[in-house]
Amino acid sequence: SPVLPLAAAVLFSTLLGACGDRWDPDIEITGPTMGTYYAVKVVRPPAGLGAEALRPGIDGVLGEVNREISTYDPDSELSRLNRDPSTDWIPVSPNLHGVLAEGLRISALTGGVFDITVGPLVNLWGFGPEVTADAIPRTEAIQSALERVGYRKIALRANPPALRKERGDIYIDLSALGEGYGADRLAAYLDFQGLTDYMVAVAGTIRARGRNAKGQPWGIAVEAPRAGERTVQRVIPLSDGAVSTSGDYRNFFEQAGRRYSHHIDPRTGESVANRVGSATVVMPSGSGSAMTADGLATALVVMGEEQGPKLAESSGIAAYFIVRAGEALRELTSPAFARLWVP
Ligand code: ADP
Ligand code: MG
């Protein structure tokens, strides 16, 4: 998400340079973005292209992404759209239109279990831009927020790009897609620079191309979903494509022994309480973007341990679930995930 201070769900098992070739001028650039961090790793760059040359472009791209879709920047295009009380068509930029369209597609695919109008509930539960004390919202507050939620209350058109709200107080939250959108935009920038072997991470969402320093696919480590712990549960090899992990173990609060996660069920307005510790979605290149992987990973967590795997199977999504079973962790993989590395 563009915004979560502690959102990282994925580590990197591939440490560039650790055993890199001496004539391979590897590049590694990291920095803060969206309330979390990004990392860019490049091997075999064209001669003369180094970190100093790439960093301003990378920070420029991430700045643009935030100015388009962040709800944490009050001047972003999305924040201005959210404040606009108009129920007429409101023009949007082509880039914002692209993220809204993908958000709406996933909202429809999940029958509204994933829903980009969930923002008022996210904010009410204290997981939005406003700083609040950890507290369970009052039932009446949830009920009135629910009246503003529902992706069918917005319409999107492409030509010219514009959005229309059924009521003026609709508030759109694209945080579930933000990491992925950022990773896609960074990958496009690196492609344009002529780079062919790189890995881009925005917190728990990764885009990769080509090979690592050892000439092998990049290794994307998925952590065991345990708060305060960083153990690798499984390493996913990735040459070209995207991987995103969404989990309930980094951004949550606890009250009376219960964990309240930043995933909200738009049907009830409640913080999601299911057994899915994390869901990881893999999109091999050609089949989709990091933005899609990011949105779908969030959607599968919200859907839970029964509906999530069902949707992954019926929609051909390559998904890997880590489900809590008491103290133990159980792994579930969708058929498309299982097929990924079978020759
Ligand atoms: P993380 O990588 O931290 O797990 P996600 O990509 O899963 O983050 O996105 C979590 C964010 O998605 C929340 O902070 C909230 O802004 C938003 N969100 C929460 N519930 C939903 C939902 N049901 N549909 C769409 N977005 C949601
Ligand atoms: Mg997500």
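Parameters and conventions
Residues numbered from 1 in each chain as written. Chains lettered and ligands numbered in written order. Predicted model: local features only at pLDDT ≥ 70, side-chain atom pairs only at ≥ 80, totals over all residues. Heavy atoms only, no water. Pairing = 2+ DSSP bridges. Helix = DSSP H or I, 4+ residues; strand = E, 2+ residues; numbered from the N terminus. Contact = heavy atoms within 4.5 Å. Axes fitted to C-alpha atoms, helices over the stretch in contact; angles between N-to-C directions. Near = heavy atom within 4 Å. Polar contact = N/O pair within 3.5 Å; in protein donor to acceptor, adjacent residues only side chain to side chain. Areas by Shrake-Rupley, 256 points an atom, 1.4 Å probe, with all protein chains shown as cover. Nonpolar A, V, L, I, M, F, W, Y, C, P; charged D, E, K, R; others polar. Donors = N, O, S within 2.8 Å, 3.2 Å for Na, K, Ca; no water. Buried < 20%, exposed > 50% of the residue type's maximum accessible area, 1.4 Å probe, protein only. Core = buried A, V, L, I, M, F, W, Y, C linked by side-chain atoms within 4.5 Å.

What to know about the sheet that holds strand β6 (residues 162-165)
Strand pairing within a sheet occurs via backbone hydrogen bonds; the two strands may be parallel or antiparallel.
Right, on to step 1. Within the open sheet, the three strands sit side by side as β4-β6-β5. Their pairing is antiparallel. Unpaired on one side and paired on the other, β4 (90-91) and β5 (154-157) mark the two borders of the sheet.
Right, on to step 2. Strands in contact with helix α3 (residues 94-109) are β5 and β6; relative to β5, the strand with the most contacts, it is inclined by about 125°.

A few points about the site of ligand 1
Right, on to step 1. In the region of ligand 1, 22 residues are neighbours, and Asp173, Ser246, His263, Ile264 and Thr298 sit closest.
Right, on to step 2. Separating an oxygen atom of ligand 1 from a side-chain N or O atom of Asp173 is a distance of 2.6 Å.
Right, on to step 3. One of the side-chain N or O atoms of Thr298 is found 2.7 Å from an oxygen atom in ligand 1.
Right, on to step 4. If ligand 1 stood free it would expose 580 Å²; the protein chains cover 99% of that surface.
Right, on to step 5. Here the shell around ligand 1 is composed, by residue class, of ten nonpolar, eight polar and four charged.

Quick look at the coordination of the magnesium ion (ligand 2)
Right, on to step 1. For the magnesium ion (ligand 2), the full set of protein donor atoms is Ala176 (O), Asp294 (O), Asp294 (OD) and Thr298 (OG1), and the range of their distances to it is 2.1 to 2.5 Å.
Right, on to step 2. Mapped onto the sequence, the residues coordinating the magnesium ion (ligand 2) show the spacing A-x117-D-x3-T. In this pair, Ala176 is assigned in helix α6 (residues 175-192) and Asp294 in helix α7 (residues 290-315), connecting sequence segments 118 residues apart. No difference in accessibility class separates Ala176 from Asp294, as the two residues are buried.

Concerning the environment of Val99
Right, on to step 1. The topology assignment puts Val99 in helix α3.
Right, on to step 2. Of the residues examined, Val99 reaches a relative accessible area of 1% and is grouped as buried.
Right, on to step 3. With 28 residues separating them along the chain, Val99 and Thr71 place their C-alpha atoms 14 Å apart.
Right, on to step 4. Non-local contacts of Val99, meaning those with residues more than four positions away in its chain, are made with Ile69, Leu174, Leu177, Tyr181 and Met291.

Quick word on the nonpolar core
Right, on to step 1. Counting residues in hydrophobic clusters, the biggest one holds 65 residues, and the most contacted among them are Val40, Leu54, Ile58, Ile116, Ile172 and Leu174.
Right, on to step 2. Tallying contributions element by element places α7 first for this core, with twelve residues.
Right, on to step 3. Look past the residues within four positions of Ile172 in its chain and what remains in contact with it is Thr71, Leu78, Leu81, Asn82, Leu100, Ile116, Ile154 and Leu163.
Right, on to step 4. Counting residues in hydrophobic clusters, the runner-up holds 18 residues, among them Ala201, Trp218, Val243 and Ala336.

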